[in-house]
Structures are given as C-alpha cells and as structure tokens.
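Chain residues, written in single-letter form:
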Amino acid sequence: MKLSVIIIAKNAEDHIVDAIESVKEVADEVIVVDNDSTDRTREIAEYLKAKVYTLEGLNFAKLRNLGLEKARGDWVIYIDTDERVTSELISNIKYFGRLSAGQISNINNEIAAFKVKRKNFYFGNHEWPYIEKLERLFKRSVLNGWRGELHESPEFTGRVAQIEGFLLHYTHRNLSSMLQKTIEWSKIEAELRLKSGHSKMTWWRFFRVMLTAFFDSYVRQEGWRAGTIGIMESMYQAFSMFITYARLWEMQNVKDQNNK
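Report on the accompanying structure. Positions within a chain are numbered from 1, following the residues in the order the chain's sequence is written. Reporting of local features is limited, given that this is a predicted model, to residues whose pLDDT is at least 70; pairs of side-chain atoms are given and counted only at 80 or more, and all residues count toward the totals for whole chains, interfaces and linings. No hydrogens and no water enter the side-chain calculation; it runs on all heavy atoms of the structure.

Before going further, it helps to spend a moment on the overall build of the chain. Secondary structure elements are taken from DSSP: a helix is a run of H or I of four residues or more, a strand is a run of E of two residues or more, and numbering for both begins at the N terminus. A tally of helices and strands in the chain yields 8 helices and 11 strands. In terms of C-alpha radius of gyration, the chain reaches 20 Å, essentially the compact-globule figure of 18 Å for 260 residues. Once the C-alpha set of the chain is aligned to its principal axes, its extents read approximately 65 × 40 × 40 Å. Taking all 260 residues of the chain together, 44% fall into the buried category. Across the chain, every contact between residues at least 6 apart in sequence was considered, and the portion connecting residues at least 24 apart equals 73%. Carbon and sulfur atoms make up 52% of the accessible area of the chain, which totals about 13,900 Å². A distance of 4 Å separates the average location of the 37 positive side-chain charges in the chain from that of its 35 negative side-chain charges. The reference for a compact globule is 2.2 Å times residues^0.38; the radius of gyration itself is calculated from the C-alpha atoms. For every residue, the accessible area obtained with a 1.4 Å probe (protein chains only) is divided by the maximum for its type, and the residue is called buried under 20%, exposed over 50%, and partly exposed between those limits. The contact rule is simple, with two residues in contact once any of their heavy atoms fall within 4.5 Å. Shrake-Rupley sampling with a 1.4 Å probe provides the accessible areas, and residues are treated as covered by the protein chains on show and by no other component. His is not counted, nor are the chain ends; Lys and Arg add positive charge and Asp and Glu add negative charge. Every charge is mapped onto a representative atom, which is NZ of Lys, CZ of Arg, CG of Asp or CD of Glu.

Residues with no salt bridge and a relative accessible area higher than 30% make up the patches, which join like charges within 9 Å and nonpolar side chains (Val, Leu, Ile, Met, Phe, Trp, Tyr) within 5 Å. We define a salt bridge as a contact between a side-chain nitrogen of Lys or Arg and a carboxyl oxygen of Asp or Glu at a distance within 4 Å. A cluster of nonpolar side chains, L175, I231, M232 and M235, forms an exposed patch at the surface whose accessible area comes to about 350 Å². With 3 residues, helix α8 (residues 228-259) is the largest single contributor of residues to the nonpolar patch. Tracing the sequence through the fold places M235 in helix α8. For M235, a relative accessible area of 52% puts it in the exposed group.

Let us look at the packing of helix α6 (residues 175-195) against α8. To get an axis, a line is fitted to the C-alpha atoms, and for a helix only the part in contact is used. The angle between two axes follows their N-to-C directions and goes from 0 to 180 degrees. At a closest axis distance of 8 Å, the pairing of α6 and α8 adopts a crossing angle of 45°. One way to sum up the angle between α6 and α8 is to call them oblique. Note on packing geometry: the crossing formed by α6 with α8 is right-handed. Residues are grouped as follows: Ala, Val, Leu, Ile, Met, Phe, Trp, Tyr, Cys and Pro are nonpolar; Asp, Glu, Lys and Arg are charged; every other residue, Gly included, is polar. Class assignment for the residues of the contact of α6 with α8 results in 12 nonpolar, 5 polar and 7 charged. Each angle gets one of four labels, with under 35 degrees taken as roughly parallel, over 145 as roughly antiparallel, 65 to 115 as roughly perpendicular, and the rest as oblique. The handedness criterion is simple: a crossing whose near helix is rotated anticlockwise from the far helix by less than a right angle is left-handed, and one whose near helix is rotated clockwise is right-handed.

Here the expected length of a helix is defined as 1.5 Å per residue gap, with one fewer gap than residues. Taking 1.5 Å of rise per residue, the 21 residues of α6 would be expected to cover 30 Å, and the 30 Å separating its terminal C-alpha atoms lies within 8% of that figure. Note on bend: the value at a residue is the angle between axes fitted to the seven residues ending there and to the seven starting there. Of all the bends found along α6, the most pronounced is centred on W185 and spans about 30°. Buried within α6 we find M178, T182, S186, I188, E189, A190 and R193. Buried residues along α6 sit against α8. In the analysis that follows, any N or O atom pair within 3.5 Å is treated as a polar contact, provided that within protein one partner can donate a hydrogen and the other can accept it, and provided that, for residues neighboring in sequence, both atoms belong to side chains. A side-chain oxygen of the first residue of α6 lies 3.3 Å from the backbone nitrogen of S176; this N-cap is N174.

Its identity as a non-glycine residue notwithstanding, N11 has a phi of 50°, on the positive side. Locating N11 in the fold gives a position in the loop between β1 (3-9) and α1 (16-21).

Structure below.
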C-alpha cells in the first residue's frame, strides 16, 4: 500500500515541521496544500521534501480536493498542521499496508475509509476529555471528493472502519490565536448562513445558540472534567457562536437596507 499524506497549511511555519516529521515514517509522499501563506511555510515544507501546491481562498473542500487530485498513493490520509500522528497509529497503518489484496478483502469487507481517534489539547498539554472519531484515512480510488466550504465532508463509496491509534491535536494554543480564528471564521460562517436563507436574527436566538454551544462543550463533551480549561473553552465556544450570529445579524440588516 502506498500512502499519500495531505496537509492543508496556512502561515504554519511554527508547526509544519512537527506535522511532517510525525508522518515521514509511513508516508510515501507528503503533499502540502498551501493556503496562500505569507510566512516561510512553503519554503520549510519544500526543504522537508514535501510537494507543495498553492491555492487561495478559505474553501476547505477545494483545498482538500486539490490535495486529492495531486495524490498518487493507493490510500490518502489528511492531517492538519497542528496535528501529530502517534506511533501506534503509524504501526496500524503499516500493518494494514502489509496485508495482501485478498487478506484486505477478507478482513475488512471492502473498507473504503477509516475513522481515526483524535485527542484535543488546549493551551499546551491540557487534554480534553472528549475523544473525536474522524474519517481521515481513505482509499483514493473511491474517495470522490469533499464538499462544503468550511465544515467540509468527504464523499466516498464503501464501508467505514475504525483504526487504532491517535491523532494528537494541539489547538487553541493561546487566547490571541483563538480570537484571530473567531474573527476570521465567523465571517465565513455568517455568510454561509446568510446565503442559505437563515431565519431573521432576534434577541432570543443569541441566547439559544450560545447556551447550546456551552452545553455541548461543557456537558456533552464533559469539559467540566478539564477544570479551568474546561470552563474557558466552553465559554469561548459560546462567545464564538455569539460573534458568528452577531455578524449574521449585521449582514441581514445591511441586506434589508439595500433592498429598500
């Protein structure tokens, strides 16, 4: 099995080395889709022998599809620049790669994709209690592409299985990066909601979306178990939703004014 690792990157000069180094043991090729970085991301990735392609715009489906188009492996795995592949996950990918076509067919019944478990870490090494399971490892021949500008999802034909081992996700490293991310992404989120004809924003909707975000983070994902980090992250999620819907309110009002 030949494996292509696809990494979406933007201004990630501080993280791209560790991301690439974490997969070099198992990757037959590393493809970096550079989202118009203004730092040394491209230079560093090329120095580490990655194949680098540039694409502007924050349409994540297009970014992932470009990586898929350029990939030459039998299988592809997607990771982000703030993610690291653990040795256990590498070992299991290698094991799967050593199986013959007949063995693979008998064991997995035409598996098209694997879900990978992801541990999230906030503000350094503070581990989040909730473990995500994400479809990240795909048989390239049956992955038809990705859809969705921001919350993109894969389109493929076949069965999904679980592979053991973790992706380690070092997200929300500090307050500055968190706020910058909210400012940048909330505009895109609001625009998508406006295009879809979202209901007119009223005062009570703000409370609903903020409480829903807080409940999901603090209760459903058991953020309360993370102590101070749990309350901080859950309040941030509520704040992020407030900014997104405040932007939507603003856009709806501008649209109404222009239609008069």
